[in-house]
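An overview of the molecular structure
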Amino acid sequence: MSDRISLEVVAKVARLARLELDEVELMAATEQLGDMLDHFADIDSLDLGDVEPMTQPVELVNVMRDDVELPTLDRDEVLAAAPDAVDGRFGVPPILGAEA
Amino acid sequence: MTDTIRSIAAAVRSGERLAVAAVQEHLDRIAAREPEINAFNLVLAEDALERAASIDAEVAAGRDPGPLAGVPIALKDNMCTRGVPTTCSSKMLEGWRPPYDATVVERLSAAGAVIVGKTNLDEFAMGSSTENSAFGPTRNPRDTSRVPGGSSGGSAAAVAAGFAAGSLGSDTGGSIRQPAALCGVVGVKPTYGTVSRMGLVAFASSLDQIGPFTHDVADAALLLESIAGFDPGDSTSIPEPFHALSPALGRGVSGLRIGRIADLPAGADPDVQARVEEAFEVLAAAGAEIVDVSIPAFHYGLTAYYLIAPAEASSNLARYDGVRYGLRVSAADTNAMYSATRSAGFGPEVKRRIMLGTYALSAGYYDAYYGKALKVRRLMAQDFAAAYANVDALITPASPSVAFPLDSKTNDPMAMYLCDTYTIPSNLTGDPAMSVPFGSGADDLPVGVQVLAPALGEPTMFAVAAELERAAGGAR
């Protein structure tokens, strides 16, 4: 964790996150992420080998309900809020396009 | 002095005062001062007056509208309101009208409350100053050259300015308690699972919790009682009834053991630290025993939080892709459309956190960052549990400083993150905590003392907060 995060890694992370950053934004992000990760290195000194990870505060598991039909959102109302709707469905540009 | 929730509801229920008059009084204050404060993304003046008139009609017909009858309440603009714009202070959701009400909105309505508006926040609740809003910053009503704190800065400012008798915020790492401290109002983050998040736009799902802002502790108890309790719509909701808080308010602190965290991270300003010391003195004089405890993991809370919260955010915010709601920036294919939309719709801090979270979860770094952070979170829970074996509650500063000037931290993300040092641990553990106004610090600005308690320890927490409030002369 000691190596400073590189511009190439930050550019890859941006692609994974579906964010387009220009050169200036990319350099700023590299600097800021580097500073944060430097700060976060404080936990490297902890002995965490036998510690069980904790993902949430309430140890509820498999919250189930009876399998009965409940009211759902109105389709037309939901589609009315969508950027594009076609024949009762969400409309999107081609999935197989230039970048596919 | 503005009216408390209790006094408004009592007067409206008894027919002594019209809800319309109570609401109009708050709308008048909004009209006078909102241009300067910018607490709201949307003021619902007409809706509120119409709703107030229907409350008055109920009273006239001999029916009881409920414990919040006619009380003007403001909602953080990350809580869904059916047919009413809900923006999260982001261009991504500008103009979006949710097709349903959040559970808290339904509960407020059932209790007779009147929603007066949707309040400003740091975009998607990410920030500690409400300066990360796409619609401009909110200013602190106590000193308009300063921030109100964040991310629920609009909700804190709305109560402090008398725009609403109470408001709701969400707290992921301190976003209720820190602005409450900076604006001089009461702010509560309840135990994780006590208030339904159904209809709260998700930031970090294992940390987010809704809670109240009010003028005083008794109002906070009443407002929290009105929104808490099991909701099958939220799978993390605790399947038990919420305990009544109002009986605890007069209990006092006699016989309680209250912890001072001996190894609390340094960083609180001397003026804030002095008020916290006074709080211990007040509680000791009122019959509490002050006990030193150790919470070594406290020191590592910031790191654990700023890895876990962005990791969860990067996943939660993947839904903003221009397909189902909100902004779409057109492009030749869907992949290009996703990227164009997200790049145009999210502000710099949201992008920063999505990047950090994506990195912490990515192959090769998961174990080093996210995995380690989850283990530190376990240590935090264990350390707090050990402390609570010896004490009933803990006292710390809520914020390391009083309200700071606008633009003083906007170019230094790490400096902004340090604002959350004392509030973060309660989100990691899920335990309740609240900020109660306790005197002033530098430049006569309010200081908030934080009271922390173990999970479902709200009655004790409110008893301690009420005692501090009595000593500070804050009860109405």
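On a predicted model such as this, the values are computed, not experimentally measured, just so you know.

All names here are of chain B. Read across the sheet, 11 strands follow the order β1-β3-β2-β4-β6-β5-β10-β11-β9-β7-β8 without closing on themselves; strand pairing throughout is mixed. The two strands at the open ends of the sheet, each matched to only one other strand, are β1 (40–43) and β8 (289–293). Going from strand to strand, the sheet's axes swing by 30 degrees on average, the running direction of each strand aside. By the bridge criterion, 4 bridges tie strand β9 (residues 393–397) to strand β11 (residues 446–452) in an arrangement that is antiparallel. Pairing of Pro 397 across the sheet is with Val 449, part of β11. Docked against the sheet, helix α7 (residues 217–227) engages β4 (166–171), β5 (186–189), β6 (209–214) and β10 (433–440), running at close to 145 degrees with respect to β6.

Turning to unusual backbone geometry, a few remarks are in order. Residue and element names in this part refer to chain B. In this chain, Gly 150 is followed by Ser 151 through a cis amide linkage whose omega measures 10 degrees. With respect to the secondary-structure elements, Ser 151 resides in the loop between β3 (114–119) and α5 (153–160). Of note, Cys 88 is a non-glycine position whose phi angle comes to about 55 degrees, a positive value. Inspection of the secondary structure puts Cys 88 in the loop between β2 (72–76) and α4 (103–110). Even without being glycine, Leu 456 reaches a positive phi, approximately 65 degrees. Note on placement: Leu 456 falls in the loop between β11 and α15 (458–472).

What follows concerns the interface of chain A and chain B. Counting residues at the interface gives 46 residues for chain A and 55 residues for chain B. When residues of the side of chain A that touches chain B are traced back to their parent elements, those giving at least two are α1 (7–16), α2 (23–40) and α3 (75–80) of chain A. Take the side of chain A that touches chain B: its biggest share by element is 7 residues, from α2(A). Partitioning the side of chain A that touches chain B into residue classes produces 32 nonpolar, 5 polar and 9 charged.

Residues and elements named next belong to chain B. Burial along β5 is two-sided: Val 186 and Val 188 and Gly 187 and Lys 189, pointing in opposite directions, are all buried. Here β5 pairs with β6 via 2 bridges, running antiparallel. By the bridge assignment for β6, Gly 187 is matched with Phe 213.

Residue and element names in this part refer to chain A. The N-to-C vectors of α1 and α2 enclose an angle of 105 degrees; their axes lie 9 Å apart at closest approach. Comparing their axes, α2 and α1 come out roughly perpendicular. Along the contact surface, α1 presents Leu 7, Val 10 and Ala 11, while α2 presents Leu 26, Met 27, Ala 29, Thr 30 and Leu 33. Tallied by class, the residues present in the contact of α1 with α2 amount to 7 nonpolar, 1 polar and no charged.

Rules and cut-offs
- Residues numbered from 1 in each chain as written.
- Chains lettered and ligands numbered in written order.
- Predicted model: local features only at pLDDT ≥ 70, side-chain atom pairs only at ≥ 80, totals over all residues.
- Pairing = 2+ DSSP bridges.
- Helix = DSSP H or I, 4+ residues; strand = E, 2+ residues; numbered from the N terminus.
- Axes fitted to C-alpha atoms, helices over the stretch in contact; angles between N-to-C directions.
- Contact = placed C-beta atoms within 7 Å.
- Nonpolar A, V, L, I, M, F, W, Y, C, P; charged D, E, K, R; others polar.
- Buried ≥ 20, exposed ≤ 12 C-beta atoms within 10 Å, placed from the backbone.
- Parallel < 35°, antiparallel > 145°, perpendicular 65-115°, else oblique.

Read these as spatial facts, not as claims about activity.
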